[in-house]
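Each chain, written out:
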Amino acid sequence: MAIVFTITDAGRAALVDPDNNGTNAVVIAEVGLGSGRYAPTKDQTELQSPIKRVDTIAGQAVSDDTLHVTVQDETSDAYQVGEIGLFTDAGVLFAVYSQSDWIIEKAAPATLLLATDLVVESLDVSSITFGDAAFLNPPATTTVKGVLELATQEEVDAGTDRLRAVVPRTLKAFIDRVLAAYATVKQLTDHAASRDHPAANTNNQGMVELATVAEAKEGTDNTRAITPAADKAALDQHRTETGAHAADRISLGTLSTLGNPKTVQAAMAALGSAALRNEGSGGGLDADKLDGQELDVFYRSNTSNPSIRMGSGSDTNWDGIVYNEGDNTLAFYADQEVGRDTPRVLLGPGYIEAAGDRFYDNGDLTVKGKAKAGTLEVSGGVSFGSELNMHNSNIVNANKVTINDEGFGEGFMLPNWEFSESGGNAYVRDSKNSHIVMEFAPDYVRAVDGFSVGTGVDTTKSFWNGKGIALGDNDSGIRQSSDGVIELWGNNSRALYINGAGETVATGELVVGSSKIRLGSGGSTNWDGIVYDEGDNTLSFYADQEPGKDTPRVKLGPGWIEASGRRVWHEGDVTSQGGKSGGRRRLPNGDTEMWGYVTTNTSEGSPTSVTFPYSFDSACYNVSITPVVNPNVDVILGVNDSPSRTGFTAYASRQSETSDSSVPGFFWRAIGR
């Protein structure tokens, strides 16, 4: 495998001499291995993510721009290589290579042995050497000793490969085939050189000489072969001879001028006995015969069934036409039995039938399959039971067109409408009022003055404004009230509309039947929206989550609120004590905070017990007290070291003999769970 390295600016400077007229000798002393995977640049001086450097390397120039390099690492290190750098004995990063996939991987118990060809673009690598060549295995060339791949038998036979070696087994097989081919060629050559070839005759194969044109025309030589060219030349020459086929040569009237009349008559006998008879009336010729048969075989004439045979004369597969004097009809039969089978075509007085079906009768044309006509003009009506193919023609001056009328009135009516085509679109036009009614395009159908499904419209209703679709009755459906505003109407009342800003507004109560309202993404695992649970009367908000599996971002319940599964507020969390504000709240981390005010005097000999308005579920972590003091009070308040889930005890300590001995009240705050 050849790897194209990027020569760094520092490497190029080390290789090119200062005068830019030659190259310096450069020694590649180490190969750096790293885990970086990127596109190398010329200004690099180090690997991006180096792992180690290996000095057990060998290399040799095998062409002007290619180095064969072998790298070996017998340590117990394990790593993956994504970048390779060549470092000179001066520590300069000479060239670097990296790719997006791993180049090679090494396991701890394995030895890394990397042998590859390095293509160095735009530089002569002959002056680059390596520090160690002990285990170099370069590819062999005409000037370099190295490793060769053995050629396959197919590659030996082809003889075009310049890189692979031939072994005795494949060489012998090739020589054997050459010798066998030579033996065959020699045998043919020896045979061609021999003059001992028998002549060909009517019983045996052999050598034969080709006849000349003159010999072919003479026709007496039976030892030479005639070629198609000689045969054609002889015939062409015969045709051009003057009088060769003159009429008097074969005329029976001048037999005496031809020599022996019997000889000529014998030759003409091959043309049939008629050739021996005179022409004209009384000459005995049967002029009423066709193809040797009497005329009555082909034509039968009687008063009731005159017929003309045109093909087969068999009674059960007769071909021809028959005229019936009784009903004045002309019937055409093909492979049928006359008088038993239905004629293929029957022509009668004012009508035409095909296979028994009357499709034209005294001006009325009936088409049961497909009708194809460039121009069809009728003064009465035209009835089609299946398909009318107009081939881009027009229906002109028709009062109506009825298609498969099954008792539902007039069918498809065209009172004053006409159809036309322009610019690839089809139009229905009210010719009486010179107004386009509908437009049919490849990707849409437009009703110009509104569209009604199931019923007509009542133009007196508020719903109808000429730009809508009536559905079911005449005052319900969809309409456009102004630019960008689409409205939904029911029973002549607007129930919902979408404005130009993309907002959907319900004018009455909005009922969601699925209990879900999607607000963003609709993926099953990253859904955005709100979900109502009828069972526990909760409303959950999900964002990039899977409803029913993930915990809602926010959940509202009967008298409580949860955020990410933690209850942050509950009905009755706020209460009051002692005329001062007190209460409780749930913190986002799941803890509960309570607070209150106590008006009882607390002194050194009279501690005050406080009961929490609500008990903590598991424990009280901390209680803080803020006393209410007078200017003469110098008392410190504290709590017992282990407040319970239900309350705590406050103790007082006087700091001065001259101060008051009690505190008239204090505020407290407790945190727990």
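Draft legend 1. Main features of the overall build of the chain. Within the chain, the secondary structure is distributed over seven helices and 54 strands. For the chain, the residues scored as buried account for 26% of the 673 residues in total. In the chain, 37% of the contacts between residues at least 6 apart in sequence involve partners at least 24 apart. For the chain, the accessible surface area stands at approximately 43200 Å², while carbon and sulfur atoms represent 51% of it.

Draft legend 2. Seen up close, empty space enclosed by the protein. Counted by the stated rule, this structure contains one cavity of 30 Å³ or more. The volume enclosed by the largest cavity comes to roughly 60 Å³. In terms of lining residues, the largest cavity is bounded by F5, V31, V69, V71, I84, L86, L114, T116 and L118. Considering each element in turn, the lining of the largest cavity owes the most residues, three residues, to strand β10 (residues 112-120). Considering only residue class, the lining of the largest cavity consists of eight nonpolar, one polar and no charged.

Draft legend 3. Geometry of the confidence of the model for the chain. The share of residues in the chain with pLDDT of 70 or more is 70%, and the mean pLDDT across the chain is 77. In this model residues 246-252 is a low-confidence stretch, pLDDT under 50, and it forms 10 contacts with partners more than four residues away in sequence or in other chains. Note on residues 403-413: pLDDT is under 50 here. Beyond four places in sequence and across chains, it has 10 contacts.

Draft legend 4. Structural context of the pairing of strand β39 (residues 516-522). Of the strand pairs in this sheet, β39 and strand β40 (residues 527-533) are connected by four bridges, and their pairing is antiparallel. Counterpart to G522 in the pairing with β40 is W527. Where β39 folds back on β40, the antiparallel hairpin that results is connected by four residues.

Draft legend 5. Region of the structure containing a nonpolar patch on the surface. A contiguous nonpolar patch, built from I517, L519, Y532, L539, F541, V554, L556 and I561 and spanning about 620 Å² of accessible area, is present on the exposed surface. Those elements that place two or more of their residues in the nonpolar patch are β39, β41 (538-545) and β42 (554-557). Note on placement: V554 falls in strand β42. For V554, a relative accessible area of 33% gives the class partly exposed.

Draft legend 6. The packing of aromatic side chains, seen in detail. The tally for this structure, following the rule as stated, stands at six aromatic pairs. On the numbers, 5.9 Å between centres and 35° between planes, the contact of F5 with Y97 is tilted. With F5 in strand β1 (residues 2-7) and Y97 in strand β8 (residues 93-98), this residue pair connects regions lying 92 residues apart in the sequence. Judged by its relative accessible area of 16%, Y97 falls in the buried class. Summarising the aromatic geometry, the rings of F612 and F648 are spaced 5.9 Å apart at their centres and angled 40° between planes, so their arrangement reads as tilted.

Draft legend 7. Main features of the environment of V26. Tracing the backbone through its elements, the reader meets V26 in strand β2 (residues 26-34). Using a relative accessible area of 4% as the deciding quantity, one classes V26 as buried.

Draft legend 8. Just the pairing of strand β5 (residues 66-73), in detail. For β5, the tally of buried residues reaches eight of eight residues, placing the bulk of the element in the interior. The pairing of strand β4 (residues 57-63) with β5 spans six bridges and is antiparallel. Bridge pairing links A58 to T70 in β5. Count of turn residues in the β4/β5 antiparallel hairpin: two residues.

Draft legend 9. Looking closely at the environment of R309. Mapped onto the fold, R309 is located in strand β19 (residues 307-309). Given a relative accessible area of 15%, R309 falls into the buried group. Sequence separation between R309 and I321 is 12 residues; the distance between their C-alpha atoms is 6.7 Å. In terms of polar contacts, R309 uses its side chain to reach the backbone carbonyl oxygen of G311, at 2.3 Å.

Draft legend 10. A look at the pattern of salt bridges. For the structure on display, the rule yields 19 salt bridges. Here R177 and D157 are joined by a salt bridge, their closest N and O atoms 2.7 Å apart. You can see R177 sitting in helix α3 (residues 168-193) and its partner D157 sitting in helix α2 (residues 153-158), a full 20 residues away along the chain. According to the relative accessible area criterion, R177 is partly exposed, its value standing at 44%. Given a relative accessible area of 33%, D157 falls into the partly exposed group. Beyond isolated ion pairs, a larger network of salt bridges with shared partners links E209, E215, D221 and R224.

Draft legend 11. Layout of the sheet that holds strand β49 (residues 608-611). Spatially, three strands are ordered β49-β52-β51 in an open sheet, and the strand pairing comes out antiparallel. Sheet topology places β49 and β51 (635-639) at the edges, where each strand pairs with a single neighbour. Pairs of neighbouring strands in the sheet enclose a mean axial angle of 25°, with direction left out of account. For β49 and strand β52 (residues 647-654), the ladder comprises four bridges, and the chain directions are antiparallel. Bridging from a neighbouring strand, T608 pairs with A650 of β52.

Draft legend 12. Seen up close, unusual backbone geometry. The backbone phi angle of N491 is positive, close to 55°, even though this residue is not glycine. Topologically, N491 is positioned in the loop between β36 (485-490) and β37 (493-498).

Draft legend 13. Fine view of the side chain of D528. Within the secondary structure, D528 is located in strand β40. A distance of 3.0 Å separates the side chain of D528 from the backbone nitrogen of S521, its partner in a polar contact. The contacts of D528, once residues within four sequence positions are left out, are I517, R518, L519, G520, S521, Y542, A543 and D544.

Draft legend 14. Seen up close, the side chain of Q336. Here Q336 lies in strand β21 (residues 329-336). Polar side-chain contacts of Q336 include one of 3.4 Å to the side chain of R344. The contacts of Q336, once residues within four sequence positions are left out, are D315, T316, N317, W318, D341, T342, P343 and R344.

What counts as what
Residues numbered from 1 in each chain as written. Predicted model: local features only at pLDDT ≥ 70, side-chain atom pairs only at ≥ 80, totals over all residues. Heavy atoms only, no water. Helix = DSSP H or I, 4+ residues; strand = E, 2+ residues; numbered from the N terminus. Buried < 20%, exposed > 50% of the residue type's maximum accessible area, 1.4 Å probe, protein only. Contact = heavy atoms within 4.5 Å. Areas by Shrake-Rupley, 256 points an atom, 1.4 Å probe, with all protein chains shown as cover. 1 Å grid on protein atoms, 1.4 Å probe; cavity = no way out; pocket = protein on both sides within 12 Å on 5 of 7 lines; lining within 4 Å. Points joined across faces, edges and corners; volume = space filled by probe spheres on them. Nonpolar A, V, L, I, M, F, W, Y, C, P; charged D, E, K, R; others polar. pLDDT = per-residue confidence, 0-100. Pairing = 2+ DSSP bridges. Patch = residues over 30% accessible without salt bridge, like charges linked within 9 Å, V, L, I, M, F, W, Y side chains within 5 Å. Salt bridge = Lys/Arg side-chain N within 4 Å of Asp/Glu carboxyl O. Phe/Tyr/Trp six-rings, centres within 6.5 Å; stacked < 30°, edge-to-face > 60°. Polar contact = N/O pair within 3.5 Å; in protein donor to acceptor, adjacent residues only side chain to side chain. Axes fitted to C-alpha atoms, helices over the stretch in contact; angles between N-to-C directions.

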